[in-house]
Amino acid sequence: MAKSLYESLGVSKNATQDEIKKAYRKLVREVHPDTNPGNEERFKEVQGAYDVLSDAAKRKQYDTMGSANGRARAGGGGFSPGTTYDFADFDLGDIFGGLFNRGGGGGRQQQQQRGQRGNDVEVDVHIPFEDALKGAQVTIPVELELACHTCHGTGAAPGTAPITCPVCNGSGVVATSQGLFALQEPCPRCHGRGSIVETPCPTCHGSGRERRTKRYTVKIPAGVKDGTRIKLKGKGEAGYGGAPAGDLYVVTRVEPSKIYERRGDDLVVTVPVPYTTAALGGKVEAPTPDGTVQLKIPSGTEDGKLLRIKGRGVPHLNGEGRGDVLARIKIQVPKKVNKKQREALEALQEAGA
Ligand SMILES: [Zn+2]
Ligand SMILES: [Zn+2]
């Protein structure tokens, strides 16, 4: 049999604050684990009881709850039998505050309990590589659970209206006393909605919801990657009982490019360079998303070297500036040489090049 908080301190229900304090000080000396090892449970019990009873407001709330024994029922509320709470782990103010707000009707907390926010929805959108660089506007169909168009989400047949739930009086929750801790549960009659439908809507059979395909036009910003998530707030599924809708996440699936390999916001592109240009230096043409540029090849450029073309890469998402294009040099060696070239190459070879 669990004890009340008063019993834990060995005082009467009418004890004054002074008596409570005296009883606590005496008990703490007796049961403090530092002086009396093995008394941890009892110490916590005393400590917890004092935390509540020494605070006038908490004590009043505890008294008001009128529970028979004042402590959690053994095995109830998710606590194992015989366990004494360590009150230090709980913010009693929150527990009581939440409970009493709800009784008063209205208030943010009640609103959250009552209506359940709509689900978030994720859809993929496939876009060409070029659109990822420039940005695009796409229209995508999204299948969603939305408010029923016949009853506008109330679930009640046209000409009728939902009535306030008689079990929870519209709060959507019922309290079951677990001693000191009152548990809030969704109302079993209205399932937390706070209202019930007597004559269900013929379209949605009272659920207030139906699946529909909506078409959204989505602006894809320049610079998106494969797998970038774009959030459209409130465009997900409808909330329940007047709660806000969920969000829609559009995930960009970017097709690979035939010429560029993306590295973050840089674009790597292979640029063929004749071996003579690589040896002597010179200029070649290199592709960029904005068109071809003249790329200066320093003399003695090796195969595979990356030459940076600044600011011609992918626009930084949600920011200024762009990445670069990295020209990967691929030295071209002729498969065949004519007579004149052969003579020149042989002369080079003899020179020890
Ligand atoms: Zn309906
Ligand atoms: Zn109810």
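Reference entry: report on the structure contained in this document. (Residues numbered from 1 in each chain as written. Chains lettered and ligands numbered in written order. Predicted model: local features only at pLDDT ≥ 70, side-chain atom pairs only at ≥ 80, totals over all residues. Heavy atoms only, no water.)

With that settled, consider the coordination of the zinc ion (ligand 1). Geometry sets the ideal angles at a metal, namely 109.5 degrees for four tetrahedral donors and 90 or 180 degrees for six octahedral donors. Within the protein, the atoms that donate to the zinc ion (ligand 1) are Cys148 (SG), Cys151 (SG), Cys201 (SG) and Cys204 (SG), at distances of 2.3 Å. Classification of the site at the zinc ion (ligand 1) rests on its four donor atoms, whose angles at the metal span 104 to 114°, yielding the label tetrahedral. Here the donor residues of the zinc ion (ligand 1) share one chain and are spaced in sequence as C-x2-C-x49-C-x2-C. Using a relative accessible area of 5% as the deciding quantity, one classes Cys151 as buried. (Donors = N, O, S within 2.8 Å, 3.2 Å for Na, K, Ca; no water. Tetrahedral: all angles 85-135°; square planar, octahedral: opposite > 155°, others 65-115°. Buried < 20%, exposed > 50% of the residue type's maximum accessible area, 1.4 Å probe, protein only.)

A few words on the packing of aromatic side chains. Tallied over the full model, the rule gives two aromatic pairs. Here the aromatic rings of Tyr24 and Tyr50 are separated by 3.7 Å at their centres, their planes lie at 5°, and the arrangement is stacked. With Tyr24 in helix H2 (residues 17–31) and Tyr50 in helix H3 (residues 40–53), this pair connects stretches of sequence that are 26 residues apart. For Tyr50, a relative accessible area of 15% translates into the label buried. An angle of 20° between the planes, with centres 6.3 Å apart, marks the rings of Phe129 and Tyr260 as stacked. On the criterion of sequence distance, the pair formed by Phe129 in helix H7 (residues 129–134) and Tyr260 in strand E10 (residues 260–263) is long-range, its members being 131 residues apart. The buried category is assigned to Phe129, whose relative accessible area is 7%. Of the residues examined, Tyr260 reaches a relative accessible area of 11% and is grouped as buried. We note Arg229 situated over the ring of Tyr249; from NZ or CZ to the ring centre the distance is 4.3 Å. (Phe/Tyr/Trp six-rings, centres within 6.5 Å; stacked < 30°, edge-to-face > 60°. Helix = DSSP H or I, 4+ residues; strand = E, 2+ residues; numbered from the N terminus. Lys NZ or Arg CZ within 6 Å of the ring centre and 35° of its normal.)

Our next topic: the sheet that holds strand E1 (residues 121–127). What the three strands build is an open sheet, ordered E1-E9-E8; its pairing is mixed. Of all strands in the sheet, those with a lone pairing partner are E1 and strand E8 (229–232), marking the two edges. Each neighbouring strand pair of the sheet contributes to a mean axis angle of 25°, computed without reference to strand direction. Sheet topology note: the E1/strand E9 (residues 248–254) ladder contains seven bridges and is parallel. Across the sheet, the residue bridging to Val121 is Leu248, located in E9. (Pairing = 2+ DSSP bridges. Axes fitted to C-alpha atoms, helices over the stretch in contact; angles between N-to-C directions.)

Turning our eyes to something else, we now look at the packing of H3 against helix H4 (residues 56–64). H4 packs onto H3 with a crossing angle of 100° between their chain directions and a minimal axis gap of 6 Å. Taken as axis vectors, H3 and H4 run roughly perpendicular relative to one another. Residue-level inspection shows Asp51, Val52 and Leu53 of H3 in contact with H4, the latter providing Lys58, Arg59 and Tyr62. By residue class, the composition of the contact of H3 with H4 is three nonpolar, no polar and three charged. (Parallel < 35°, antiparallel > 145°, perpendicular 65-115°, else oblique. Contact = heavy atoms within 4.5 Å. Nonpolar A, V, L, I, M, F, W, Y, C, P; charged D, E, K, R; others polar.)

Our next topic: the pattern of salt bridges. One pass over the full model with this rule turns up 24 salt bridges. Note that Arg229 is salt-bridged to Glu122, the shortest N-O span being 2.3 Å. Residue Arg229 is found in strand E8, and its partner Glu122 is found in strand E1; the two are separated by 107 residues along the sequence. A relative accessible area of 48% places Glu122 in the partly exposed class. Residues Arg211 and Glu143 are paired through a salt bridge, measuring 2.6 Å at the closest nitrogen-oxygen approach. Of the two residues, Arg211 sits in strand E7 (residues 209–220) while Glu143 sits in strand E2 (residues 136–147), which places them 68 residues apart along the sequence. The partly exposed category is assigned to Glu143, whose relative accessible area is 47%. (Salt bridge = Lys/Arg side-chain N within 4 Å of Asp/Glu carboxyl O.)

With that out of the way, let us pick up the nonpolar core. Within the largest apolar cluster, 38 residues are counted, with the highest numbers of intra-cluster contacts made by Val250 and Leu295. With five residues, the top contributor of residues to this core is E2. Aside from chain neighbours lying at most four places away, what touches Leu295 is Gly282, Lys283, Val284, Ala286, Leu307, Ile309, Ala327 and Ile329. (Core = buried A, V, L, I, M, F, W, Y, C linked by side-chain atoms within 4.5 Å.)

Right, let's get into the coordination of the zinc ion (ligand 2). Bound to the zinc ion (ligand 2) are the protein donor atoms Cys165 (SG), Cys168 (SG), Cys187 (SG) and Cys190 (SG), situated 2.2 to 2.3 Å from the metal. Coordination geometry of the zinc ion (ligand 2): the four donor atoms subtend angles of 103 to 116° at the metal centre, consistent with an arrangement described as tetrahedral. Mapped onto the polypeptide sequence, the residues donating to the zinc ion (ligand 2) form the spacing pattern C-x2-C-x18-C-x2-C. Residue classification places Cys165 among the buried positions, given a relative accessible area of 1%.

Okay, the sheet that holds E10 next. Think of a sheet as strands paired side by side through backbone hydrogen bonds, with each pair either parallel or antiparallel. Pairing is mixed across the open sheet formed by four strands, whose spatial order is E10-E11-E15-E14. Two strands bound the open sheet, and with one partner strand each, they are E10 and strand E14 (306–309). Strand-to-strand, the axes of this sheet are offset by a mean angle of 35°, without reference to chain direction. Bridge analysis of E10 against strand E11 (residues 266–274) gives four bridges, and the strand direction is antiparallel. Bridging across to E11, Arg263 finds its partner in Asp266.

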